Amino acid sequence: MAFTPCTSAGLTANLALDCAKPRIKGYEQIGIIILKSDIDLATTSVDATNPRIITALALKSAKKAAVIYNSKNAPLPFNGTQTAYNREADAYDKTVQFYYEGIGGAVSKNAIEPLKDADYVVVLERKSKYGEGSFQVFGWQKGLSAGNDGGAQVQDEETGYWLITMTTQEPFAEIELDFGGTGNYVDTKSDFDALAVGM
């Protein structure tokens, strides 16, 4: 069998607006964050032909996802979240940014400090509800952390919240959650809500 280099096969889709599905920008107020080691890889699956699509996401026994709730509309939920191609690394720099209003020693121990000490996966629901790409996943390949380069945790007493910035660098530009792999928004939303019960 001949050697095949690890490169893309070239364009297989038009770079044009889908008139039937105009782009709706932004994220909903609720996201979920999962300790990467809590994901049960034995019962989690990805699409056989496109590993950028997670078709089933399961957690280990007794493990739960935590909820990220951005209660403010200004700034917009998850404002500052972005993906940028890094030519030197030939990978994508990903940043997830959100606000948190907790204070005190228990919050520091249970919510703030752990975000810099471990790898996490974050799933955000887009305002676009067409199905394909409605649930964006960050940190699936390498994990997100506030302790990575570019990560930060800043408390501002004037505004009254923490600004959390979690970063990673991954080979794939985007990864989506699509339960069943059918592109059905309703099915994936149902499973997303089942994970978003909180601690």
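Residues numbered from 1 in each chain as written. Predicted model: local features only at pLDDT ≥ 70, side-chain atom pairs only at ≥ 80, totals over all residues. Heavy atoms only, no water.

Quick one: what's the story with the overall build of the protein chain, residue by residue and with numbers?
When you go through the protein chain residue by residue, the secondary structure sums to three helices and 11 strands. If you list the helices and strands of the protein chain from N to C, you get β-β-β-β-β-β-α-α-β-β-β-β-β-α. Its C-alpha radius of gyration of 17 Å places the protein chain within 12% of the 16 Å reference for a compact globule of 199 residues. Along the three orthogonal principal directions, the C-alpha set of the protein chain runs to about 60 × 35 × 35 Å. Going through the 199 residues of the protein chain one by one, you find that 37% of them count as buried. (Helix = DSSP H or I, 4+ residues; strand = E, 2+ residues; numbered from the N terminus. Rg over C-alpha atoms; globule rule 2.2 N^0.38 Å. Buried < 20%, exposed > 50% of the residue type's maximum accessible area, 1.4 Å probe, protein only.)

I'd like to hear about the sheet that holds strand β10 (residues 161-170), residue by residue, with values.
Backbone-to-backbone hydrogen bonds pair the strands of a sheet. The strands run either parallel or antiparallel. The antiparallel open sheet is built from four strands, whose spatial order is β5-β6-β10-β9. Two strands lie at the open edges of the sheet, namely β5 (82-86) and β9 (152-156), each paired on one side alone. On average, each strand axis in the sheet is tilted by 15° relative to the strand beside it, whichever way the strands run. In terms of strand pairing, β9 meets β10 through five bridges, oriented antiparallel. Pairing of Q155 across the sheet is with W162, part of β10. (Pairing = 2+ DSSP bridges. Axes fitted to C-alpha atoms, helices over the stretch in contact; angles between N-to-C directions.)

Could you give an account of the packing of aromatic side chains, with specific residues and numbers?
Counting across every chain of the model gives six aromatic pairs. Between the aromatic rings of Y85 and Y92, the centroid separation amounts to 5.2 Å while the plane-to-plane angle is 55°, which identifies the pairing as tilted. We classify Y85 as partly exposed; its relative accessible area is 43%. Aromatic rings pair up to connect Y27, F78 and F98 into one cluster. The cationic tip of R52 hangs over the ring face of F172; the distance from NZ or CZ to the ring centre is 4.0 Å. (Phe/Tyr/Trp six-rings, centres within 6.5 Å; stacked < 30°, edge-to-face > 60°. Lys NZ or Arg CZ within 6 Å of the ring centre and 35° of its normal.)

Provide a residue-level description of the pairing of β5, including the pertinent values.
Where β5 and strand β6 (residues 91-100) come together, five bridges link them in antiparallel fashion. Residue pairing across strands places Q82 opposite T95, the latter belonging to β6.

Kindly report on the sheet that holds strand β7 (residues 120-126), identifying the contributing residues and their values.
Ordered by their spatial adjacency, seven strands build an open sheet running β2-β3-β11-β8-β7-β1-β4, and the pairing between neighbours is mixed. The two strands at the open ends of the sheet, each matched to only one other strand, are β2 (45-46) and β4 (66-69). Pairing geometry for strand β1 (residues 27-35) and β4, over four bridges, is antiparallel. Bridge pairing in β4 places I30 opposite Y69.

How would you explain helix α3 (residues 185-195) if you had to name every residue and give the values?
Of the positions making up α3, those classed as buried are Y185, T188, F192 and L195. Seen along its axis, α3 keeps its buried residues to an arc of 85°; they face one direction. For α3, the exposed residues set more than 90 degrees away from the buried face come down to V186 and A194. Of the surrounding secondary structure, the elements contacted by the buried residues of α3 are β1, β7, β8 (135-138) and β11 (175-177). Looking at where α3 begins, the residue whose side-chain oxygen comes 2.9 Å from the main-chain nitrogen of V186 is N184. (Arc of directions from axis to C-beta. Contact = heavy atoms within 4.5 Å. Polar contact = N/O pair within 3.5 Å; in protein donor to acceptor, adjacent residues only side chain to side chain.)

Would you mind going over the environment of T83 in detail, with residue names and values included?
Following the sequence through the fold, T83 ends up in strand β5. Spatially, the C-alpha atom of T83 lies 4.5 Å from that of K94, the residues being 11 residues apart in sequence. In contact with T83, not counting residues within four places along its chain, are Y92, D93, K94, Q136, F138 and A173.

Tell me about the environment of G160, residues and numbers included.
Inspection of the secondary structure assignment puts G160 in the loop between β9 and β10. With a relative accessible area of 31%, G160 lands in the partly exposed category.

A description of the side chain of Q97 should follow, citing residues and the corresponding values.
Inspection of the secondary structure puts Q97 in strand β6. What makes Q97 buried here is its relative accessible area of 17%. A distance of 2.9 Å separates polar atoms of two side chains, one belonging to Q97 and the other to T165. Contact partners of Q97, with chain neighbours within four places excluded, come to F78, N79, G80, T81, L163, I164 and T165.

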